[in-house]
Amino acid sequence: MAESEETLTYEDIQHISDFLLKTTKYRPKVAVICGSGLGGLADVVQEQDVIDYRDIPNFPQSTVQGHRGRLVFGHLAEKSVICMQGRFHQYEGYPLWKVAMPVRVFKMIGVETLFVTNAAGGLNRNYNIGDIMIVKDHISMPGMTTDNPLKGFYDERFGKPSSPVTELYDRGLRELARRVAGDLGLGEAVREGVLVQVGGPSFDTVSVFNMLRRLGADCVGMSSAPEVTVARHCGIRVLGLSLVTDMAPMESDLPPTNHQEILQTAKTRAVDVQNLVCEMISQLPNNNDSVQPS
Ligand SMILES: O=P(O)(O)O[C@H]1O[C@H](CO)[C@@H](O)[C@H]1O
Ligand code: HPA
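Residues numbered from 1 in each chain as written. Chains lettered and ligands numbered in written order. Predicted model: local features only at pLDDT ≥ 70, side-chain atom pairs only at ≥ 80, totals over all residues. Heavy atoms only, no water.

*Asks:* Explain the packing of helix α6 (residues 171-183) against helix α9 (residues 259-282) to me, please; I cannot follow it from the model alone.
*Replies:* A pair of packed helices can be characterised by two numbers: the angle between their axes and the separation between those axes. Two numbers describe how α6 lies on α9: the axes approach to 10 Å, and their chain directions differ by 120 degrees. On the basis of the axis angle, α6 is oblique to α9. Seen along the crossing, α6 lies across α9 with a hand that is right-handed. Of the residues in α9, those in contact with Leu173, Leu176, Ala177, Val180 and Ala181 of α6 are Leu276, Glu279 and Met280. (Axes fitted to C-alpha atoms, helices over the stretch in contact; angles between N-to-C directions. Helix = DSSP H or I, 4+ residues; strand = E, 2+ residues; numbered from the N terminus. Parallel < 35°, antiparallel > 145°, perpendicular 65-115°, else oblique. Left-handed = near helix turned anticlockwise from the far one by under 90°. Contact = heavy atoms within 4.5 Å.)

*Asks:* I'm lost on the layout of surface pockets in this one. Help?
*Replies:* The method is simple in principle: a probe with the dimensions of a water molecule rolls over the atoms, and the space it marks as empty is what remains. Counted as a void, the largest pocket has a volume near 350 Å³. Surrounding the largest pocket, 25 residues form its lining, Ala119, Phe203, Gly221, Met222 and Ile262 being those nearest its centre. Among the secondary structure elements, those contributing two or more residues to the lining of the largest pocket are β5 (113-122), β8 (219-221), β9 (237-247) and α9. Sorting elements by how many residues they give to the lining of the largest pocket places β5 first, with 4 residues. (1 Å grid on protein atoms, 1.4 Å probe; cavity = no way out; pocket = protein on both sides within 12 Å on 5 of 7 lines; lining within 4 Å. Points joined across faces, edges and corners; volume = space filled by probe spheres on them.)

*Asks:* Where do I start with the site of ligand 2 in this structure?
*Replies:* Residues in contact with ligand 2, as listed here, are Ala119, Ala120, Gly121, Phe203, Val220, Gly221, Met222, Thr245, Asp246 and Ile262. A distance of 3.2 Å separates a nitrogen atom of ligand 2 from a polar backbone atom of Gly121. Between ligand 2 and the protein, one listed contact pairs a nitrogen atom with a side-chain N or O atom of Asp246 at 2.7 Å. A total of 260 Å² of accessible area belongs to ligand 2 in isolation, and the protein chains cover 95% of it. Elements with a contribution of two residues or more to the shell around ligand 2: β5, β8 and β9. Per-element tally for the shell around ligand 2: the top contributor is β5, with 3 residues. Taken together, the residues of the shell around ligand 2 break down into 6 nonpolar, 3 polar and 1 charged. (Near = heavy atom within 4 Å. Polar contact = N/O pair within 3.5 Å; in protein donor to acceptor, adjacent residues only side chain to side chain. Areas by Shrake-Rupley, 256 points an atom, 1.4 Å probe, with all protein chains shown as cover. Nonpolar A, V, L, I, M, F, W, Y, C, P; charged D, E, K, R; others polar.)

*Asks:* Sorry, what's going on with the pattern of salt bridges here?
*Replies:* What the rule picks out here adds up to 13 salt bridges. Among the salt bridges present, the one from Arg171 reaches Glu167, with a minimum N-O distance of 3.1 Å. Its relative accessible area of 40% is what places Glu167 among the partly exposed residues. Between Arg178 and Glu192 there is a salt bridge, with the nearest N and O atoms lying 2.5 Å from each other. Note that Arg178 is positioned in helix α6 and Glu192 in strand β7 (residues 190-197), a separation of 14 residues in sequence. (Salt bridge = Lys/Arg side-chain N within 4 Å of Asp/Glu carboxyl O. Buried < 20%, exposed > 50% of the residue type's maximum accessible area, 1.4 Å probe, protein only.)

*Asks:* Looking at this model, I keep getting lost on unusual backbone geometry. Mind explaining?
*Replies:* The phi angle of most residues is negative, glycine excepted, and most peptide bonds adopt the trans form. Of the consecutive residues Gly200 and Pro201, the connecting peptide bond is found in the cis state with omega at 0 degrees. If you check the backbone angles, Glu47 has positive phi at about 50 degrees while not being a glycine. Residue position: Glu47 is located in strand β2 (residues 46-52). Unusually for a residue other than glycine, Asn58 sits at a positive phi of about 60 degrees. By the element assignment, Asn58 lies in the loop between β2 and β3 (70-76).

*Asks:* Sorry, what's going on with the site of ligand 1 here?
*Replies:* Among the 13 residues in the neighbourhood of ligand 1, the closest are listed as Ser36, His89, Tyr91, Ser223 and His259. The separation between an oxygen atom of ligand 1 and a polar side-chain atom of Arg87 is 3.0 Å. In this structure, an oxygen atom belonging to ligand 1 sits 2.7 Å away from a side-chain N or O atom of His89. Protein contact buries 97% of the 350 Å² of open area that ligand 1 shows by itself. Given that more than half its atoms are within 2 Å of the pocket grid, ligand 1 belongs to the largest pocket. Mapped onto the shell around ligand 1, the elements with two or more residues apiece are β5 and α9. Of the residues in the shell around ligand 1, the class split is 5 nonpolar, 7 polar and 1 charged. (Sits in = over half its atoms within 2 Å of the grid points.)

*Asks:* Help me understand the UniProt feature "domain: Nucleoside phosphorylase" (unreviewed entry) in the protein chain, please; the structure alone is not making it clear to me.
*Replies:* With numbering matched to this structure, UniProt assigns "domain: Nucleoside phosphorylase" (unreviewed entry) to residues 29-281. Along residues 29-281, the helical share is 30% and the strand share 26%, with 10 Å between the first and last C-alpha atoms. (UniProt positions renumbered as here; feature names shortened; annotations may be inferred.)

*Asks:* What's the story with helix α4 (residues 101-109) in this structure? I'm lost.
*Replies:* Every α-helix carries 3.6 residues per turn, so stepping three or four residues along brings you back to the same face. Counting buried positions along α4 yields 7 of 9 residues, so the element is predominantly enclosed. Following α4 by one or two positions, Gly110 has its phi on the positive side, about 110 degrees.

*Asks:* Looking at this structure, how should I read the environment of Leu8?
*Replies:* As for its position among the elements, Leu8 is in the segment before α1 (10-23). Between the C-alpha atoms of Leu8 and Arg157, which are 149 residues apart in sequence, the distance is 14 Å.

Structure representation (structure tokens):
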């Protein structure tokens, strides 16, 4: 199906998945989506098979700085993985089903656990720039206003239309993240909270940030909710990590941020996010069973 057409079918996704499985020897059960400035994680993958998005049939293209636009297959912590070095955002002009479409490809190639990372602004005034938030839930502003990644791409082979998507972020994986973060000495810098996704690409007003905080969000970003919703819908376990790259200005005298600054800050903490994800992957059960919460 041509890129310009409205949607893709199950068979189109199968075509992409067959292409990838023909192109790489890897059969990963673990996938990682790298957020802005966090693509370095894919660079530490060993014995890489790299596939540029432009070479994959019917795949969207990355247009945002800090998102390289390629899939990296290989070994991380002695497990086969697939990393998206470059994610898609709605503000790039993609509908939400397309933003999340790679997750359905992951499902078809056999992925069972997904790590989703992003750069986010801190709304919780107890947070600091550089903190890493384990996402315990999200609020999707696009989702609340009738835009949902499950819309426009219905095929029950990916899950029932009304499948419950409560507990989007796996309890056992969150517990493992807390334990591993402690072992790595990340301690106080690791939080657990709620991410709210806004549309972007512009940052929000002081009034909107205050409203988002009152709604119960600890961090604000422009991604992740669609991929996570689709992953849970098709039965993939998810761990979400938000790196606090800036404090969202909730008073008008505080300075606004910009993408360059966010990339710079992400760089200073990327290795910690990387180590956390790698160590968690190394501790995932080899039989791909879920991580049982205690
Ligand atoms: O969510 P990721 O891809 O990490 O990117 C974050 O950084 C960008 C803002 O500069 C926005 O796209 C926001 O969502
Ligand atoms: O402050 C922010 N707002 C929205 N998205 C973001 N991504 C990083 N920081 C921010």
